[in-house]
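# Breakdown of the fold
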Amino acid sequence: MDLQDRVEHITATIGDLRNATTDGPKSRQLIEALFRAVHSFKAAASAEGRDDLSRIAHEFEDLLHSLRTGKLTLDERVLQTFDTAAIALREGSSFEGLPKLTHETHHDRLPAEFGNLRDDERHRAVAARQEGANLYVMEVVFEASDFDERFRKLKERLEKNAEPISISPSMEDDKIVFKVVYASRSEKIPSQTVIQQALRAGEAVAAKLGKQVEFVVRGEEIVLERRWADVLTDALLHLVRNAVDHGIESHGTVTITTEESQITVTDDGRGIEPENLPLLFQPGFTTANDVTDYSGRGVGLDVVKTTVEELGGSVSVASEPAKGSSFKIKISNQDTRPIKTPNPSSDA
């Protein structure tokens, strides 16, 4: 991309920003995009020996940083200044500098768990709260081998449903852990958060029973409303524990597959006899011969079915003796039912 192409991108982003001034999350997203575009232009201009353009871009970048940190308020005067800067970058014309438009802004107090945010992140968090959103902190865990692609998909879905504020990665053994602060008027939970609980429960059961079980997670990253996250947490805990206890004999694989509107738990174990399939979701039905810490009381699948159906979803099962079983939970359109806005803290 040459310098003129970069200027055209900057100009187009300014136009998008002008059209989004009444949309807080969208305007903040565009300000971040504009900041990155101007920063990239500055580096490219410097690499080509255009120090004059690099200096203009640097001043432009300073103004954008003031906007990102709340020291500058987005208004028509600021947008006109951006237009002037873009013209100077395009024409290489003389430029006396951008006017000093900054002013001090006092941030609202944030809850303690958000105390480590940078100035620009803090400003976005405060602005989102002032617009009626709540702030949330979540952690998602990925295998190091494919975390980049899986996290990219999760971030894309989160951006459609909420406003990411801060993303902090760290390593735990051979896994990548992302701590994400985000703003939303209704709490959105990544499927990874729910699935990890089920995997830990499955690993604990496998260890207790002395079985060698590999746990595999495949598919898309899903962002769930709190009501669906709560139901799926219990459902997946039960299905994964069942797969380990009833399905896997001594060793095998349990796979959780996620798609946009469904989650499937599959094992390659002993399977279910055909005559038992219609009875699985009946209250009190069990195929276990003995009551254990994990199963045998006839309580579980009927509750899973009932709670999922109460939210408009469905549960189905397919199985073949000696080849394994597959339980599929279909998730209804999450936006068709009213959502109760959670209150995660007294300050949020």
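Residues numbered from 1 in each chain as written. Predicted model: local features only at pLDDT ≥ 70, side-chain atom pairs only at ≥ 80, totals over all residues. Heavy atoms only, no water.

Bringing the overall build of the chain into the picture now. If you tally the helices and strands in the chain, you get nine helices and 10 strands. In the chain, which comprises 348 residues, the proportion classed as buried is 47%. Of the accessible surface of the chain, which amounts to about 17900 Å², a share of 46% is contributed by carbon and sulfur atoms. (Helix = DSSP H or I, 4+ residues; strand = E, 2+ residues; numbered from the N terminus. Buried < 20%, exposed > 50% of the residue type's maximum accessible area, 1.4 Å probe, protein only. Areas by Shrake-Rupley, 256 points an atom, 1.4 Å probe, with all protein chains shown as cover.)

It is worth spelling out the packing of aromatic side chains at this point. Given two aromatic rings, one states the distance between the centres and the angle between the planes to describe the pair. Here the structure, examined in full by the defined rule, presents seven aromatic pairs. For the ring pair Phe151 and Phe178, a centre distance of 3.9 Å and an interplane angle of 10° mean the geometry is stacked. Of this pair, Phe151 sits in helix H6 (residues 147-161) while Phe178 sits in strand S3 (residues 175-184), placing them 27 residues apart in sequence. Phe178 carries the same exposure label as Phe151, and that label is buried. (Phe/Tyr/Trp six-rings, centres within 6.5 Å; stacked < 30°, edge-to-face > 60°.)

Once that is clear, we can look at the sheet that holds strand S1 (residues 134-143). Pairing is antiparallel across the open sheet formed by three strands, whose spatial order is S1-S3-S2. Bordering the open sheet on either side are S1 and strand S2 (163-172), each of which pairs with just one other strand. Mean inter-strand twist for the sheet, computed between neighbouring axes without regard to direction, equals 20°. H6 contacts S1, S2 and S3 of the sheet and is inclined by roughly 160° relative to S1. (Pairing = 2+ DSSP bridges. Axes fitted to C-alpha atoms, helices over the stretch in contact; angles between N-to-C directions. Contact = heavy atoms within 4.5 Å.)

Buried residues dominate S3, accounting for eight of its 10 residues. With 10 bridges joining them, S1 and S3 adopt antiparallel strand pairing. Within S3, the residue paired with Met138 across the bridge is Val180. The turn joining S2 and S3, which pair antiparallel and follow one another in sequence, is formed by two residues; a positive phi near 55° is taken by Asp173.

A surface patch of negative charge is lined by Glu139, Glu172, Asp173 and Asp174. As for its position among the elements, Glu172 is in strand S2. (Patch = residues over 30% accessible without salt bridge, like charges linked within 9 Å, V, L, I, M, F, W, Y side chains within 5 Å. Salt bridge = Lys/Arg side-chain N within 4 Å of Asp/Glu carboxyl O. Lys, Arg positive; Asp, Glu negative; His and termini not counted. Charge placed at Lys NZ, Arg CZ, Asp CG, Glu CD.)

Right, let's talk about the side chain of Lys211 for a bit. Structurally, the position occupied by Lys211 is in the loop between helix H7 (191-209) and strand S5 (212-219). Nearest to the buried, unbridged Lys211 among oppositely charged side chains is Asp245, at 4.7 Å. Only 2.9 Å separates the side chain of Lys211 from the backbone oxygen of Val244, close enough to count as a polar contact. Within the local environment of Lys211, its side chain forms a polar contact with the backbone oxygen of Asp245, the two atoms lying 3.1 Å apart. For Lys211, the residues in contact, after removing those within four places along its chain, are Ala206, Val244, Asp245, Ile248, Glu249 and Ser250. (Polar contact = N/O pair within 3.5 Å; in protein donor to acceptor, adjacent residues only side chain to side chain.)

On to the side chain of Ser27, then. Relative to the helices and strands, Ser27 resides in helix H2 (residues 24-47). Judged by relative accessible area, which is 8%, Ser27 ranks as buried. Every residue in contact with Ser27, bar those within four places of it in the chain, is listed here: Leu17, Ala20 and Leu74.

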